[in-house]
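# Summary of the model geometry
Residue strings, one per chain:
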Amino acid sequence: LTGTSVVLGFIRSLVFFNVLVKSAQTLHNNMFKAILQTSIHFFDTNPTGRILNRFSKDIGYVDSLLPWTFVDFTQDGISPTCLSASPPPE
């Protein structure tokens, strides 16, 4: 029983890691694509340093908040659904 718990915990950690990395890459690529599609006027009026600082700040915030949001979603969203779908005890 303990070995199974360790293996399942390890698998869960791997799944969480892969989902979080993929989500962070998708968000980063979408943000970068949005910056590339802005008009030249935006780049003329905003210094490059300000754009880079804001981009890195937003990415850092997303990277720090995303794991907690994902854990909350899985614990608060999926767990009650699985419990309600299980048959009642006899």
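Everything numeric here is computed off the predicted structure, so don't read it as measured data.

### A closer look at a nonpolar patch on the surface
- Nonpolar side chains collect at one region of the surface, where V7, L8, F10, I11, L14, V15 and V19 lie side by side and expose about 610 Å² of accessible area between them.
- If you trace the backbone, V15 turns up in helix 1 (residues 2-36).

### With respect to the packing of aromatic side chains
- In this structure the tally under the stated criterion is two aromatic pairs.
- Ring centres of F32 and F55 lie 6.5 Å apart, and the angle between their planes is 70°; this geometry places the pair in the edge-to-face category. Linking F32 in helix 1 with F55 in helix 3 (residues 48-85), this pair joins segments that are 23 residues apart in sequence.
- Taking the relative accessible area as the measure of exposure, F32 reaches 43% and is therefore partly exposed.
- When the ring of F42 is compared with that of F43, the centres are 5.4 Å apart and the planes differ by 75°; the resulting orientation is edge-to-face.
- Given a relative accessible area of 31%, F42 falls into the partly exposed group.

### Observations concerning the confidence of the model for the protein
- Per-residue confidence for the protein gives a mean pLDDT of 82; residues scoring 70 or more make up 84%.
- Ranking the elements of the protein by mean pLDDT puts helix 3 last with 78 and helix 2 (residues 40-45) first with 91.

### Some points on the UniProt feature "signal peptide" (unreviewed entry) in the protein
- Feature annotation in UniProt assigns "signal peptide" (unreviewed entry) to the following positions: residues 1-26.
- Counted over residues 1-26, helix gives 96% and strand 0%. Its end C-alpha atoms are 37 Å apart.

Parameters at a glance
Residues numbered from 1 in each chain as written. Predicted model: local features only at pLDDT ≥ 70, side-chain atom pairs only at ≥ 80, totals over all residues. Heavy atoms only, no water. Patch = residues over 30% accessible without salt bridge, like charges linked within 9 Å, V, L, I, M, F, W, Y side chains within 5 Å. Areas by Shrake-Rupley, 256 points an atom, 1.4 Å probe, with all protein chains shown as cover. Salt bridge = Lys/Arg side-chain N within 4 Å of Asp/Glu carboxyl O. Helix = DSSP H or I, 4+ residues; strand = E, 2+ residues; numbered from the N terminus. Phe/Tyr/Trp six-rings, centres within 6.5 Å; stacked < 30°, edge-to-face > 60°. Buried < 20%, exposed > 50% of the residue type's maximum accessible area, 1.4 Å probe, protein only. pLDDT = per-residue confidence, 0-100. UniProt positions renumbered as here; feature names shortened; annotations may be inferred.

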